[in-house]
Amino acid sequence: RIAALAPSWAPGRAHPIDFRYGRPSFDALPQRIWRRLVARHLRAGSVAALDYGEPAGWLPLREAIARHVARTRAVVCRAEQVVVVHGSQQGLQLLAQTLLDPGDRVVVEEPGYVGATFAFLGAGARVVPVPVDAAGLRLSARDPRAAGARLVHVTPSHQFPTGVTMPLERRRALLAWAERRRAWIVEDDYDSEFRFEASPLESLQGLDGGRRVIYLGTFSKVLFPALRIGYLILPPSLVPAVVAAKALADTGGATLEQRVLATLLHDGLFD
């Protein structure tokens, strides 16, 4: 099943109309600013920028991300809870690897993001699709399908692919469900920077105080997918295991790009 899915993600020849999702408008990227920042960091001549990076990510970038999500999404965290990953897909795979045992139940949205489903299936989990309605994931406290679930993957800010926003009452009910069952919630906030109407609701992670919610974000949708920089914001108890798995997976991220992105965030250019 995974092999059958892979070709749909691969770049293909140009078409008059491109229906692939998750790709930003490349002509809107401020390439001049990006090139200038890359050149600035190259001229600095830092050997550290060319060496293997820290598995959790460059600390100034983690600090900038923590400030950014606190301001824009009411996320409650310190830089030490931020782990920089190669896009949100690697973040999902690391969570599946560290949180799940074969046979564990995982609740996903139906319809939902198939990349999350395959990450969990790859870890040997039993994926339980739960329907989405006009208010997002409809997870009843008495739903037998979710009994014993170890983890829930949800896109409450802008449900993928329907686009609905989960209201505050249902967010609180989901948090209460996870607290009672000691389950983890992965809040996939893949495109919260794009608002078409109204103001964004406070993140699940902020409502929860970071106890049972893992916040997942990415810069691919605003900048460009080849950047391959996303981030996990973890409860402190999960940080050591996820960082260890990250170190085994790739020995650290691309340090030059992380430094450029940190400058973009710190100087206000990202906004």
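Residues numbered from 1 in each chain as written. Predicted model: local features only at pLDDT ≥ 70, side-chain atom pairs only at ≥ 80, totals over all residues. Heavy atoms only, no water.

Before going further, it helps to spend a moment on the packing of helix H2 (residues 31-43) against helix H9 (residues 255-266). When two helices pack together, you describe them by how their axes are tilted relative to each other and by the distance separating the axes. Between H2 and H9, the shortest axis-to-axis distance is 9 Å and the interhelical angle comes to 120°. One finds that H2 runs oblique with respect to H9. Two packed elements cross with a definite hand, and for H2 against H9 that hand is right-handed. Here Ile 33, Trp 34, Leu 37, Val 38, Arg 40, His 41 and Leu 42 of H2 lie close against H9, whose contacting residues are Leu 256, Arg 259, Val 260, Thr 263 and Leu 264. (Axes fitted to C-alpha atoms, helices over the stretch in contact; angles between N-to-C directions. Helix = DSSP H or I, 4+ residues; strand = E, 2+ residues; numbered from the N terminus. Parallel < 35°, antiparallel > 145°, perpendicular 65-115°, else oblique. Left-handed = near helix turned anticlockwise from the far one by under 90°. Contact = heavy atoms within 4.5 Å.)

This part covers the sheet that holds strand E7 (residues 213-218). Two strands in a sheet stick together by hydrogen bonds in their backbones, pointing the same way (parallel) or opposite ways (antiparallel). On the basis of which strands lie adjacent, the open sheet formed by 8 strands has the order E1-E8-E7-E6-E5-E2-E3-E4 and mixed pairing. The two strands at the open ends of the sheet, each matched to only one other strand, are strand E1 (82-85) and strand E4 (136-137). With 4 bridges connecting them, strand E6 (residues 184-188) and E7 associate as parallel partners. Across the sheet, Asp 188 pairs through a bridge with Leu 216, a residue of E7. Helix H3 (residues 59-73) contacts E1, E6, E7 and strand E8 (230-233) of the sheet and is inclined by roughly 110° relative to E1. (Pairing = 2+ DSSP bridges.)

Looking now at the side chain of Ser 220. Structurally, the position occupied by Ser 220 is in the loop between E7 and E8. Among the polar contacts made by the side chain of Ser 220, one reaches the side chain of Arg 228 at a distance of 3.4 Å. Setting aside its immediate chain neighbours within four residues, Ser 220 contacts Pro 24, Pro 225, Arg 228 and Ile 229. (Polar contact = N/O pair within 3.5 Å; in protein donor to acceptor, adjacent residues only side chain to side chain.)

What follows deals with the environment of Gly 230. The residue Gly 230 is located in strand E8 in this model. Between the alpha carbons of Gly 230 and Gly 91 there is a distance of 7.5 Å; along the sequence they are 139 residues apart. Contact partners of Gly 230, with chain neighbours within four places excluded, come to Val 83, Val 84, Val 85, Gly 87, Gly 217 and Thr 218.

Here helix H6 (residues 168-181) contains 14 residues, and its C-alpha end-to-end distance of 20 Å stays within 8% of the 20 Å for a straight helix at 1.5 Å per residue. For H6, the full list of buried residues reads Arg 171, Leu 174, Leu 175, Trp 177 and Ala 178. Along H6, the residues classed as buried sweep out an arc of 155° about the axis, all on the same side. When the buried face of H6 is taken as reference, the exposed residues oriented beyond 90 degrees from it are Glu 169, Arg 172 and Arg 180. On its buried face, H6 is in contact with E4, strand E5 (149-154), E6, helix H7 (204-208) and E7. Note on H6: the residue one or two positions beyond its end, Arg 182, has a positive phi of about 55°. (Expected span 1.5 Å × (residues − 1). Buried < 20%, exposed > 50% of the residue type's maximum accessible area, 1.4 Å probe, protein only. Arc of directions from axis to C-beta.)

Running from N to C, helix H4 (residues 87-99) and helix H8 (residues 239-250) point in directions that differ by 120°, and their axes come no closer than 10 Å. The hand of the H4/H8 crossing is right-handed. Together, Gln 90, Leu 94, Leu 95, Gln 97 and Thr 98 of H4 and Ala 241, Val 242, Ala 245, Lys 246, Ala 249 and Asp 250 of H8 make up the contact between the two elements.

This part takes up the environment of Leu 139. Positionally, Leu 139 belongs in the loop between E4 and E5. Along the primary structure Leu 139 and Val 152 are separated by 13 residues, whereas in three dimensions their C-alpha atoms are 9.9 Å apart. Contact partners of Leu 139, with chain neighbours within four places excluded, come to Val 130, Ala 146, Val 152, Leu 174 and Trp 177.

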